[in-house]
Amino acid sequence: MSSSAVPSAYLNNSPATPDWLNKGDNAWQMIAATLVGLQSVPGLVILYGSIVKKKWAVNSAFMALYAFAAVVICWVAWAYKMAFGQKLLPFWGKAGPALGQSFLLAQATLPASTHYYHGGKFVETAMIAPFYPMASMCVFAAITLILLAGSLLGRMNIRAWMMFVPLWLTFSYTVGAFSLWGGGFLFQWGVMDYSGGYVIHLSSGIAGFTAAYWVGPRLTKDRERFPPNNVLLMLAGAGLLWMGWAGFNGGDPYTANIDSSMAVLNTNICAATSLLMWTCLDVIVFGKPSVIGAVQGMITGLVAITPGAGLVQGWAAIVMGILSGSIPWFTMMIIHKKWKPLQAVDDTLGVFHTHAVAGLLGGLLTGIFAEPELCNLFLPVTNSKGAVYGGVGGMQVVRQLAGGFFIIGWNLVVTSIICILIRFIVPLRMSEEELLIGDDAAHGEEAYALWGDGEKYDSSKHGYGFMSDDTAHNDNRRSIGAAQV
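Residues numbered from 1 in each chain as written. Predicted model: local features only at pLDDT ≥ 70, side-chain atom pairs only at ≥ 80, totals over all residues. Heavy atoms only, no water.

Trainee: Looking at this model, I keep getting lost on the overall build of the protein. Mind explaining?
Mentor: Scanning the protein from N- to C-terminus turns up 20 helices and four strands. Compactness check: the protein gives a C-alpha radius of gyration of 23 Å against a globular reference of 23 Å for 485 residues, within 12% of the reference. Reported as C-alpha extents along the three principal axes, the dimensions of the protein are approximately 85 × 50 × 50 Å. Across the 485 residues that make up the protein, the buried fraction comes to 53%. On the protein, roughly 20,200 Å² of surface is accessible, and the fraction owed to carbon and sulfur atoms is 67%. In the protein, 26 positive and 26 negative side-chain charges are present, and the distance between their average locations comes to 7 Å. (Helix = DSSP H or I, 4+ residues; strand = E, 2+ residues; numbered from the N terminus. Rg over C-alpha atoms; globule rule 2.2 N^0.38 Å. Buried < 20%, exposed > 50% of the residue type's maximum accessible area, 1.4 Å probe, protein only. Areas by Shrake-Rupley, 256 points an atom, 1.4 Å probe, with all protein chains shown as cover. Lys, Arg positive; Asp, Glu negative; His and termini not counted. Charge placed at Lys NZ, Arg CZ, Asp CG, Glu CD.)

Trainee: Would you mind showing me how to read the state of the cysteines here?
Mentor: Working definition of a disulfide: a covalent bond connecting the sulfur atoms of two cysteines. By the definition in use, this model includes zero disulfides. Not part of a disulfide, Cys-138 finds its nearest cysteine sulfur in Cys-74, a span of 11 Å. Judged by relative accessible area, which is 14%, Cys-138 ranks as buried. Free of any disulfide, Cys-419 has its nearest cysteine sulfur in Cys-74, 17 Å distant. Judged by relative accessible area, which is 0%, Cys-419 ranks as buried. (Disulfide = S-S within 2.5 Å.)

Trainee: Would you take a moment to explain the packing of aromatic side chains for this structure?
Mentor: One pair of aromatic rings is described through two measures. These are the centre distance and the angle between the planes. Counted under the stated rule, the structure contains 21 aromatic pairs. Clustering of aromatic rings is evident, with ring pairs tying together Trp-75, Tyr-80, Phe-84, Phe-103, Phe-140, Tyr-173, Trp-181, Trp-245 and Phe-248. Residue placement shows Lys-81 over the ring face of Phe-103; its charged tip is 4.6 Å from the ring centre. The ring of Phe-226 is capped by Arg-218, whose NZ or CZ atom sits 4.5 Å from the centre of that ring. (Phe/Tyr/Trp six-rings, centres within 6.5 Å; stacked < 30°, edge-to-face > 60°. Lys NZ or Arg CZ within 6 Å of the ring centre and 35° of its normal.)

Trainee: How should empty space enclosed by the protein be read in this particular structure?
Mentor: Over the atoms rolls a probe the size of a water molecule, and its path tells where empty space is left. By the definition in use, this model includes four cavities of 30 Å³ or more. If you add up the space inside the largest cavity, you get close to 110 Å³. As for the largest cavity, its lining consists of 13 residues, of which Tyr-48, Gln-296, Ile-299, Leu-349 and His-355 are closest to the centre. Put simply, the parts of the chain that give the lining of the largest cavity at least two residues each are helix H1 (23-51), helix H11 (291-305) and helix H15 (351-369). (1 Å grid on protein atoms, 1.4 Å probe; cavity = no way out; pocket = protein on both sides within 12 Å on 5 of 7 lines; lining within 4 Å. Points joined across faces, edges and corners; volume = space filled by probe spheres on them.)

Trainee: Got a minute to help me understand the nonpolar core in this structure?
Mentor: Soluble globular proteins tend to bury their nonpolar side chains together. Core analysis: the largest hydrophobic core is formed by 101 residues, its most contacted members being Tyr-48, Trp-75, Trp-161, Phe-164 and Tyr-173. The leading source of residues in this core is helix H2 (residues 57-84), at 14 residues. Formed by 17 residues, the second largest nonpolar core is a distinct cluster that contains Ile-305, Ala-309, Ala-317 and Leu-379. (Core = buried A, V, L, I, M, F, W, Y, C linked by side-chain atoms within 4.5 Å.)

Trainee: Help me understand a nonpolar patch on the surface in this model?
Mentor: Judged by side-chain polarity, Leu-412, Val-413, Ile-417, Leu-421, Phe-424 and Ile-425 come together as a nonpolar surface patch covering roughly 640 Å² of accessible area. Looking at the element boundaries, Phe-424 is found in the loop between helix H17 (393-423) and helix H18 (432-437). (Patch = residues over 30% accessible without salt bridge, like charges linked within 9 Å, V, L, I, M, F, W, Y side chains within 5 Å. Salt bridge = Lys/Arg side-chain N within 4 Å of Asp/Glu carboxyl O.)

Trainee: Where do I start with the confidence of the model for the protein in this structure?
Mentor: Segments scoring low in pLDDT should not have their predicted coordinates read at a detailed level. Chain-level statistics for the protein give a pLDDT mean of 89 and a share of 91% at 70 or above. Confidence drops under a pLDDT of 50 for residues 461-485, and excluding neighbours within four residues, the segment shows 53 contacts in the predicted structure. (pLDDT = per-residue confidence, 0-100. Contact = heavy atoms within 4.5 Å.)

Trainee: How do you make sense of the packing of helix H12 (residues 314-324) against H15 when you look at a structure like this?
Mentor: When two helices pack together, their arrangement is captured by the angle between the axes and the distance separating the axes. Where H12 meets H15, the closest approach of the two axes is 11 Å, and the angle between their N-to-C directions is 150°. By the angle class used here, H12 and H15 are roughly antiparallel. As H12 runs across H15, the sense of the crossing is right-handed. Two secondary-structure elements touch here, H12 through Trp-315, Ala-316, Val-319, Met-320, Leu-323 and Ser-324 and H15 through Leu-361, Gly-362, Leu-365, Thr-366 and Phe-369. (Axes fitted to C-alpha atoms, helices over the stretch in contact; angles between N-to-C directions. Parallel < 35°, antiparallel > 145°, perpendicular 65-115°, else oblique. Left-handed = near helix turned anticlockwise from the far one by under 90°.)

Trainee: Any chance you could explain the pattern of salt bridges here in plain terms?
Mentor: Scanning the entire structure with this criterion turns up six salt bridges. Note that Arg-218 is salt-bridged to Asp-346, the shortest N-O span being 2.7 Å. Here Arg-218, found in the loop between helix H7 (197-215) and helix H8 (220-224), pairs with Asp-346, found in the loop between helix H14 (340-344) and H15; they are 128 residues apart in sequence, far enough to count as distant. Accessibility classification places Arg-218 together with Asp-346 in one group, the buried group. Taking the shortest distance from any N to any O, the salt bridge between Arg-223 and Asp-346 comes out at 3.5 Å. Of this pair, Arg-223 sits in helix H8 while Asp-346 sits in the loop between H14 and H15, and the two are 123 residues apart along the sequence. One connected set of salt bridges, linked through shared partners, spans Arg-155, Arg-218, Arg-223 and Asp-346.

See the structure below:
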């Protein structure tokens with residue numbers, strides 16, 4: 001064999017390895033998708049099941065598990081093409097199945113993503129066509145619904161949730177995904193959303209808050225005291241969420257390139273900075289660090305860097321981490337506790353602050369700090385840049401604001417319509433009796449069989465009848481963290 005010959009292992013010379021297939025890109029996309037899937041199952045399943053009160057552990061975990069499964073089926077049946085298929089409307093793709101062999105074995109394309117110069121005759125950026133087979137990206141859609149569920153834990157009727165998931169995926173998520181990623185009007189205008197700061201986080205935060213308004217609050221005693229049932233498991237779920245974000249942001253360039261490496265590094269920089277900032281503020285204001293607060297700071301950092309992970313430099317990621325660890329902290333811990341309109345809506349895990357506020361903040365900061373060379377590696381609109389780099393960069397902040405307002409407005413309206421329609425069929429909120437009991441009433445199951453193998457608590461047998469999930473360990477210490485919002 002000559003020194004210039006390509007080893008047979010690297011040749012694409014069989015039906016299973018066509019000429020257009022890049023094995024490295026294909027492998028990275030499968031790994032990245034798996035990492036994002038692990039963020040949800042088991043990541044958020046564990047986090048939700050442990051961050052809530054003991055009597056809601058099963059219900060909270062199951063809401064996440066159900067959403068993941070339902071989204072996968074809806075996605076391949078009709079929703080994938082609504083988000084990444086042929087253009088139907090400037091903000092929506094044509095529905096259709098993504099299940100046939102001829103479709104799934106073909107090279108991936110985003111048919112509406114061709115970008116033209118302002119005149120509309122000449123191509124500025126060619127259609128996106130990654131070097132691997134059609135990928136459904138269902139894990140991104142699934143985690144959006146699961147994040148939204150964080151606003152509704154501890155009281156939503158599970159039957160209503162089972163209806164809500166496919167409806168919201170179809171009429172809300174696909175609109176944001178097509179508009180910003182699939183070649184819709186915001187994509188063509190040049191709004192920057194590298195990996196879902198708007199599509200996933202802003203939409204889930206606004207939709208979650210809106211749905212929480214329509215569903216109604218938890219029981220008063222649950223709102224007043226809602227301690228996590230297992231802080232250590234909560235940290236395990238949070239750790240899976242953080243590590244999985246390497247696939248979340250690193251997989252977005254559709255290839256294993258230098259930009260994906262930058263995205264992974266910036267993700268960790270911003271998350272670490274934000275966690276430390278949130279913790280410092282907890283210590284300064286409340287006198288001690290909160291573990292739940294640290295997790296929230298981690299999340300706001302991950303959320304804020306998402307729209308600009310591969311578009312900003314490392315120093316900008318630190319600045320974004322400082323701001324994402326302080327501004328959402330201020331809205332959650334100070335403004336929320338003083339402003340009655342926010343208190344009137346029972347957002348169980350503070351998803352409005354950790355995802356809507358942090359997502360919009362990240363989008364605006366991306367419009368300020370996006371570096372021109374990095375933008376040219378990823379964006380369809382050439383010569384894009386952030387405001388700090390002068391020139392047309394100032395207009396980018398306007399684009400980011402407009403894109404954010406579209407996502408906010410659409411989710412407010414569509415989520416409200418979906419909730420109103422569902423409540424004509426089934427109640428959105430559990431009954432008062434079910435709310436008093438929790439998991440056993442909703443599912444006939446409990447997270448911990450503390451008194452035997454499935455045996456219900458009986459004070460005549462076990463004593464300590466005055467102790468309960470609501471009264472045990474009761475003290476007057478001030479609660480800190482998202483679960484107490």
